[in-house]
Amino acid sequence: MMDLTGKTALITGASRGIGKAIALKLAGQGANIAIPYLGDPAEAEQAQKEIEALGVKCVMYVCDVSSFEASKEVVEKVIEEFGGVDILVNNAGIVRDKLILSMKEEDFDMVINVNLKGAFNMIKHTYSHFMKKRRGRIISISSIVGLNGNAGQANYSSSKAGLIGLTKSTAKELGGRNITVNAIAPGFIDTDMTQQLSDKVKDAMKAQIPMKRPGTPEDIANLALFLASDEASYITGEVIRVDGGYAM
Ligand code: NAP
């Protein structure tokens, strides 16, 4: 079940957090892993060691996914070094939270460029490769705030809502080629990204979650593994919440 032996997964931003958990989960089923990350070498080296310890190949690439050209170069390198890509996971993401009143133009642009355009860049540069293969999986990490919005996150929630449109359009374009394209919408997950929040905000969020706890990166990784597997071959254009019931 869910065997990925010999497959290659390209997972952006998998040097830590949710992406790393997805990389470890897919590697545990035999997938080789390629990771574009922004540039925290200590975290990246640690992630690479843990992934390789599972007996698969893992290569880290310093790459700003918001750059069209840098993304193209990395995709080409991955295809050359691994012989192809079977699974693309658009996970890299950032926040620059502020109310619109004090949000600067660059706060908006930067978050859109990394979270949304970064995913477009990766899809664009793997697109013809997937088409030729007539097989593939694309999974993008959206968010429940892409579904519901959130005060203080106009930039982030716009990027995550945009990822849902990108997912559905790509699913419609590539469905006939046996390529599935889905989005995961995590709720409040315990990672560096949410560590920045004050205890007061965290407690208020937890109180609103029917399951009364934050999620773990593994909760997201379990769904990513399923969507990447043969078992999920007839699921496409879907957005699945993993949020302990938060956004229902
Ligand atoms: P995280 O711990 O902050 O990790 C972010 C990862 O993205 C890091 O590997 C980082 O690389 C990489 N990254 C950032 N900017 C990049 C860029 N321009 N190019 C390439 N890589 C870049 O975040 P996380 O909590 O695991 O979140 C992962 C994804 O899940 C994000 O898309 C996030 O929006 C989404 N999400 C998270 C939550 C949550 O509660 N945590 C909820 C919903 C959705 P470096 O280490 O080199 O900086």
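Please read these numbers as outputs of a predicted model, since none were measured by experiment.

Reading guide: rules and limits
- Residues numbered from 1 in each chain as written.
- Predicted model: local features only at pLDDT ≥ 70, side-chain atom pairs only at ≥ 80, totals over all residues.
- Heavy atoms only, no water.
- Helix = DSSP H or I, 4+ residues; strand = E, 2+ residues; numbered from the N terminus.
- Rg over C-alpha atoms; globule rule 2.2 N^0.38 Å.
- Buried < 20%, exposed > 50% of the residue type's maximum accessible area, 1.4 Å probe, protein only.
- Contact = heavy atoms within 4.5 Å.
- Areas by Shrake-Rupley, 256 points an atom, 1.4 Å probe, with all protein chains shown as cover.
- UniProt positions renumbered as here; feature names shortened; annotations may be inferred.
- Core = buried A, V, L, I, M, F, W, Y, C linked by side-chain atoms within 4.5 Å.
- Near = heavy atom within 4 Å.
- Polar contact = N/O pair within 3.5 Å; in protein donor to acceptor, adjacent residues only side chain to side chain.
- Pairing = 2+ DSSP bridges.
- Axes fitted to C-alpha atoms, helices over the stretch in contact; angles between N-to-C directions.

K.L.:
Give me the lowdown on the overall build of the protein chain, citing residues and values where you can.
P.N.:
If you tally the helices and strands in the protein chain, you get 9 helices and 7 strands. Compactness check: the protein chain gives a C-alpha radius of gyration of 17 Å against a globular reference of 18 Å for 248 residues, within 12% of the reference. The 248 residues of the protein chain split such that 52% are buried. Partitioning the contacts of the protein chain with sequence separation of at least 6, the portion at a separation of at least 24 is 75%. Total accessible area on the protein chain stands at roughly 11,500 Å², and carbon and sulfur atoms take up 52% of it.

K.L.:
So what about the UniProt feature "binding site: NADP(+)" (unreviewed entry) in the protein chain? Which residues, and what values?
P.N.:
Under the local residue numbering, the UniProt record ascribes the feature "binding site: NADP(+)" (unreviewed entry) to Gly13, Ala14, Ser15, Arg16, Asn91, Tyr156, Ser157, Ser158, Ser159, Lys160 and Ile189. Annotated residues spanning 177 residues; largest pairwise C-alpha distance 24.5 Å, indicating distribution over more than one region. Looking at the secondary structure, you find glycine 13 in the loop between strand 1 (8–11) and helix 1 (17–28). Tracing the sequence through the fold places serine 159 in helix 6 (residues 154–174). Ignoring any residue separated from it by four or fewer positions in sequence, one finds serine 159 in contact with Val111, Ile112, Asn115 and Leu116.

K.L.:
Any details on the nonpolar core? Residues and values, ideally.
P.N.:
By size, the foremost hydrophobic cluster in this structure holds 40 residues, and its most contacted members are Leu10, Tyr61, Val78, Leu88 and Ile138. Every element with two or more residues in this core is listed here: strand 3 (58–62), helix 3 (68–82), helix 4 (105–133), helix 5 (144–148), helix 6 and strand 6 (179–186). With sequence-adjacent residues up to four places away left out, valine 78 is seen in contact with Thr8, Leu10, Ala34, Tyr61, Gly83, Gly84 and Val85.

K.L.:
I'd like a description of the site of the ligand, backed by residues and values.
P.N.:
Residues in close proximity to the ligand total 30 residues, the closest being Ser15, Arg16, Asn91, Tyr156 and Thr191. Residue threonine 191 places a side-chain N or O atom 2.5 Å away from an oxygen atom belonging to the ligand. In isolation the ligand offers 900 Å² of accessible surface; the protein chains occlude 95% of this area. The set of elements that each furnish at least two residues to the shell around the ligand consists of helix 1, helix 6 and helix 7 (192–195). For the shell around the ligand, the element with the highest residue contribution is helix 7, accounting for 3 residues.

K.L.:
Before we move on, can you summarise the sheet that holds strand 1 with the specific residues and values?
P.N.:
The sheet built from 7 strands is open, its strands ordered 3-2-1-4-5-6-7 with parallel pairing. Of all strands in the sheet, those bounded by a partner on one side alone are strand 3 and strand 7 (239–242). Adjacent strand axes in the sheet meet at a mean angle of 20° when their direction is disregarded. Here strand 1 pairs with strand 2 (residues 32–37) via 3 bridges, running parallel. The residue bridging leucine 10 from the neighbouring strand is alanine 34, located in strand 2. Its contacts with the sheet put helix 9 (residues 217–228) on strand 4 (87–90), strand 5 (136–141), strand 6 and strand 7, and the angle it makes with strand 6 is roughly 170°.

K.L.:
Would you mind going over the UniProt feature "domain: Ketoreductase" (unreviewed entry) in the protein chain in detail, with residue names and values included?
P.N.:
Residues annotated in UniProt with the feature "domain: Ketoreductase" (unreviewed entry) correspond here to residues 7–187. The span residues 7–187 is 52% helix and 18% strand, and its two end C-alpha atoms sit 29 Å from each other.

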